[in-house]
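# Structure assessment
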Amino acid sequence: MTQNLDKLPAESFKRITIDSSQAEKISKPSLSFWQDAWLRIRKNKAAIVSMVILFLILLMAVIGPHIGPHDAETQTITHSNLPPKVPGLEKLGIFDGVGTLGGTKVDLYELKKVDTYYWLGTDGLGRDMFARLWEGTQISLFIAFVAAAIDVLIGVLYGGISAYYGGRVDDIMQRIVEILYGIPNLVVVILMILVLDPGIMAIIIAITLTGWIGMSRIVRGQVLKYKNQEFVLAARTLGASNNRIIGKHLLPNILAIIIINTMFTIPGAIFFEAFLSFIGLGLQPPAASLGTLINDGYQLMQFQPHILLFPAVVLSMLMIAFNLLGDGLRDALDPKMKD
């Protein structure tokens, strides 16, 4: 074969030119970590739908108490326990103001001679449920976000310091965590209610007293994982200070796990606030929150189910949306899940 090729004339061979720019061309664009995470979370339909739902609920919590025809505090006893009635929808047979009285369905608005609309009905004191629902959602979200922010701040600092310095510091700090972890949350809450007046501040303190422990343990485990890696040892060898190592090398690597756990902390705080208010240890009437609204509706569930239905639906949507979004963020920010 080689001999036959040697006998061929030089004109039989063609020169092949290779374009080096095309040979080294990258088939996929270079993306940063956060750009790649965003592209991956966009593929998760449940996470995107959850983001839309949370945005709409947050928007209504801000503007909802102000766009309705009534405010949340005005009491009109003659308008008590009215069912929902929405202009335009009443002709379709839904939200038409028809309720049950003595086993018979009647138009309670005509019966009580009410000439205005209550979009989600009224409670036992004649207060507008639409305004109270979004005002209660606003308060519940405020408590949850503040409690989650405090949990993240304390948990990250405590767990990071404990793991980074190690030794005796770590031993002492972890023994304190074990003591606090052994105290039931309900006991802490009851003590806070006895010391402080029931209200927003008491609930936030009760949630944050032991709520940061889970975050601190997660951060401690991550810092222990990364602090002896080669890039940290190289930075320390080059003379980098502890603050620079923590801020420039350790914190960016554990930021994803912090964000993910924060997304699971918020619904936990929302549910805890609703539970405390439901059993009477949280906010007290006439203050509105999802827990107090559910408590009011529970007492009238057989006669006026709408008082319980709407806050229960909003609470359920918040819990489901935050958890689905947290799952989506976990998949998007975990390098092991990368295609």
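Structural data are supplied above this passage.
Below is a summary of the structure that appears in this document.

Quick notes on the rules
- Residues numbered from 1 in each chain as written.
- Predicted model: local features only at pLDDT ≥ 70, side-chain atom pairs only at ≥ 80, totals over all residues.
- Heavy atoms only, no water.
- Helix = DSSP H or I, 4+ residues; strand = E, 2+ residues; numbered from the N terminus.
- Buried < 20%, exposed > 50% of the residue type's maximum accessible area, 1.4 Å probe, protein only.
- Contact = heavy atoms within 4.5 Å.
- Areas by Shrake-Rupley, 256 points an atom, 1.4 Å probe, with all protein chains shown as cover.
- Phe/Tyr/Trp six-rings, centres within 6.5 Å; stacked < 30°, edge-to-face > 60°.
- Lys NZ or Arg CZ within 6 Å of the ring centre and 35° of its normal.
- Pairing = 2+ DSSP bridges.
- Expected span 1.5 Å × (residues − 1).
- Bend = angle between axes of the 7 residues up to and from the residue.

What follows concerns the overall build of the protein. When helices and strands are counted, the protein shows 13 helices and 2 strands. Considering the protein as a whole, with its 339 residues, one finds that 39% of them fall into the buried category. A separation threshold of at least 6 residues defines the contact pool for the protein, and within that pool the share at least 24 residues apart is 73%. By element, 64% of the accessible surface of the protein is carried by carbon and sulfur atoms, the whole surface being about 20,000 Å².

Our next topic: the packing of aromatic side chains. Under the defined criterion, the tally for this structure stands at 6 aromatic pairs. A ring pair is formed by Y164 and Y165, whose centres lie 5.3 Å apart and whose planes are at 90°; its orientation type is edge-to-face. Judged by its relative accessible area of 46%, Y165 falls in the partly exposed class. Each member of the aromatic cluster is reached from another via a ring pair, and the members are W119, F130 and W134. Here the basic side chain of R217 rests over the ring of Y181, its NZ or CZ set 4.5 Å away from the ring centre.

A positive phi angle, near 50°, is found at F95, a position not held by glycine. The topology assignment puts F95 in the loop between α4 (45-67) and β1 (98-101). Exposure remark for F95: the relative accessible area of 32% places this residue in the partly exposed category. Not every positive phi belongs to a glycine, and K113 is a case in point at roughly 55°. Relative to the helices and strands, K113 resides in the loop between α5 (108-111) and α6 (129-165).

Bringing the side chain of S140 into the picture now. Relative to the helices and strands, S140 resides in helix α6. If we ignore the near neighbours within four places in the chain, the residues touching S140 are I270, E273, S289 and L290.

With that settled, consider the pairing of β1. In this structure, β1 lies alongside strand β2 (residues 104-107), joined through 4 bridges in antiparallel fashion. Across the sheet, residue V98 finds its bridge partner in β2, namely D107. Between β1 and the antiparallel strand that follows it, β2, lie 2 residues; G102 among them carries a positive phi value of about 65°.

The next point concerns the environment of V62. Along the chain, V62 turns up in helix α4. Relative accessible area serves as the criterion here: at 52%, V62 is assigned to the exposed category. Here the alpha-carbon distance between V62 and E135, two residues 73 residues apart in the chain, equals 8.1 Å.

The next subject is the side chain of R127. Turning to its location among the elements, R127 is positioned in the loop between α5 and α6. In this structure R127 comes out as buried when scored by relative accessible area, which is 7%. Among all residues touching R127, those that are not within four sequence positions of it are A72, E73, T74, Q75, G121, T122, R132 and P286.

Time to look at helix α11 (residues 242-278). Since the α-helix advances by 3.6 residues per turn, residues separated by three or four positions end up pointing in the same direction. Taking 1.5 Å of rise per residue, 37 residues should cover 54 Å, yet α11 covers just 46 Å from first to last C-alpha, more than 12% shy of that figure. Within α11, the axis deviates most sharply at L251, by approximately 55°, and proline P252 lies no more than four positions further along. One or two steps after α11, the chain reaches G280, where phi turns positive at roughly 90°.

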